[in-house]
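Okay, here's what each chain looks like letter by letter:
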Amino acid sequence: MICTQNTKPCGCGYDIQYNNTVGKDMGVILYDYPTITSSKKSFTSYAIPGRQGELVSDDESSSNITITCNFTILAEDVNAVIRNLRRWLTGTGELILSDSPYCYYEVLSIQLGDLERILNHYAKISAVFTCTPYEFEREGKKPRSNIDYNAYDLCKPTYQITGEGVCTLTVNGKAMTANIGQNLTIDSRKMLAYRADGTLMNTSVTGRYEDLWIPHGDCEISITSGFTLQIIPNWGYEA
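Since the model is a prediction, treat every value here as computed from it, not as a measurement. Per chain, the residues get numbers from 1 upward, laid out in the order the sequence is written. A pLDDT threshold of at least 70 governs which residues receive local features in this predicted model, and a stricter bar of 80 or more applies before side-chain atom pairs are shown or counted, although totals over entire chains, interfaces and linings include all residues. Excluded from the side-chain calculation are hydrogens and water; included are all heavy atoms of the structure.

**Thoughts on the nonpolar core**
The definition of a nonpolar core used throughout is a set of buried Ala, Val, Leu, Ile, Met, Phe, Trp, Tyr and Cys residues joined through side-chain atoms within 4.5 Å. Partly exposed describes any residue whose relative accessible area lies between the buried limit of under 20% and the exposed limit of over 50%, with all areas from a 1.4 Å probe on protein chains only and scaled to the type maximum. I16, F71, I73, L89, L95 and F129 are the most contacted members of the largest nonpolar core, which totals 29 residues. Here a strand is any run of E in DSSP of at least two residues, a helix any run of H or I of at least four, and the numbering for each starts at the N terminus. Among the secondary structure elements, those contributing two or more residues to this core are β1 (16-18), β3 (28-30), β7 (65-74), α1 (78-88), β8 (93-97), β9 (103-112) and β11 (122-137). By size, the runner-up hydrophobic cluster in this structure holds 28 residues, among which are Y134, Y159, I161 and V205.

Here you go:
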């Protein structure tokens, strides 16, 4: 189990959890803290003849971040641990660090480093997790009927609508119109609209997905009468 203290690593030792599996259960130990890079904002600078200095514009995009974990392996059969480690640390998923158990990182890819064999039963290996530049709050995955305040950084919710006909979803005075046939999910983060069975319905919505994002602070969300709305806020912190 990951320690539930969220202030600093406790006496039980620092660990990670990836896709519901904890490192120590796979036979590996972190021998130092993970290294977490900061996301880099994208800016464009351009010069105007006769003007002193360049103008800078922000395209509002950010680079991915990396989290590097250095593992120690102390086992009778190091090769068996490595095989299990490679099977575990693959694909995409959720990464949780034990000093922040209420948050997770969305992993896009994992790169294992070279195995450093120290002794017969002792080795080291590193893993680099490439992640979305956002530290998600686990509570932010739960659907809610309404949100009137965002205590976190800018979030990009998922809106689940049930009903029949044309409705208007309004977020902080900005609207998106949707033609609902029983149900529709609007994922403002991935900029997709789809039915519960996965059928894409992007042509059923009119408006900007960006207008459905919720900045830090007070917010007001409403939907046309006769329709039911559930909001998955995807709360968290910019990394």
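**Considerations on the packing of aromatic side chains**
Aromatic ring pairs are defined here through the distance separating the ring centres and the angle between the ring planes. Two rings from Phe, Tyr or Trp (for Trp, the six-membered ring) form a pair when their centres are within 6.5 Å of each other. A pair whose planes differ by under 30 degrees is stacked, one over 60 is edge-to-face, and the rest are tilted. Taken as a whole and judged by the stated rule, the model has six aromatic pairs. Aromatic pair Y104 and F136: ring centres 5.3 Å apart, planes at 15°, arrangement stacked. With Y104 in strand β9 and F136 in strand β11, the pair connects residues that are 32 residues apart, well separated along the chain. On the basis of relative accessibility, which here comes to 3%, the residue F136 falls in the buried class. Members of the aromatic cluster, joined through ring pairs, are Y104, Y134 and F136. Distance and angle both matter: a charge sits over a ring if NZ of Lys or CZ of Arg is within 6 Å of the ring centre and within 35 degrees of the ring normal. Sitting over the face of the ring of Y31, K124 holds its NZ or CZ atom 4.6 Å from the ring centroid. When the ring centre of W213 is taken as origin, the NZ or CZ atom of K156, which lies over that ring, is 4.2 Å away.

**Describing the state of the cysteines**
Covalent bonding between the sulfur atoms of two cysteines is what defines a disulfide. Throughout, a disulfide means two cysteine sulfur atoms within 2.5 Å of one another. Summed over all chains, the structure comprises zero disulfides. C69 takes part in no disulfide bond, and the closest cysteine sulfur, belonging to C131, lies 9.0 Å away.

**Brief notes about the side chain of T132**
With respect to the helices, strands and loops of the structure, T132 is situated in strand β11. With a relative accessible area of 14%, T132 lands in the buried category. By the criterion applied in these results, polar contacts are pairs of N or O atoms within 3.5 Å in which, for protein atoms, one can donate a hydrogen and the other can accept it, and in which residues neighboring in sequence qualify only through two side-chain atoms. Among the polar contacts made by the side chain of T132, one reaches the side chain of E106 at a distance of 2.6 Å. If near-sequence neighbours (up to four positions away) are discounted, T132 is found in contact with N64, I65, E106, L108 and R189. Throughout, a contact is declared for two residues whenever any of their heavy atoms are within 4.5 Å.

**Observations concerning the environment of E210**
Along the chain, E210 falls in the loop between β16 (205-206) and β17 (217-218). Along the sequence, E210 and M191 sit 19 residues apart, while their C-alpha atoms lie 8.3 Å from each other.

**Focus: the pattern of salt bridges**
Here, a salt bridge means any Lys or Arg side-chain nitrogen found within 4 Å of an Asp or Glu carboxyl oxygen. Across all of its chains, the model carries six salt bridges by this definition. Where E106 meets R189, a salt bridge forms, and the shortest distance between an N and an O atom there is 2.4 Å. Of this pair, E106 sits in strand β9 while R189 sits in the loop between β14 (174-187) and β15 (192-194), and the two are 83 residues apart along the sequence. Since its relative accessible area comes to 23%, E106 is described here as partly exposed. Between D211 and R208 there is a salt bridge; the shortest N-O distance is 3.4 Å. A single salt-bridge network, built from bridges that share partners, covers E139, K142 and R144.

**Brief notes about unusual backbone geometry**
Positive phi, close to 50°, is recorded for N172, a residue that is not glycine. Its place among the elements puts N172 in the loop between β13 (158-171) and β14. For N172, a relative accessible area of 33% corresponds to the partly exposed category. Of note in this structure, N234 is not a glycine but carries a positive phi near 55°. One can find N234 in the loop between β19 (228-232) and β20 (236-238). You can call N234 buried: its relative accessible area is 14%.

**Considering the confidence of the model for the protein chain**
Confidence of the predictor in every single residue is expressed as pLDDT, which spans 0 to 100. Looking at the protein chain as a whole, the pLDDT averages 89, with 88% of positions reaching at least 70. Mean pLDDT values over the elements of the protein chain span from 62, in strand β6 (residues 55-62), up to 98, in β19. Counting contacts from residues 1-12, a segment whose pLDDT is below 50, to residues more than four positions away or on other chains yields 25 contacts.

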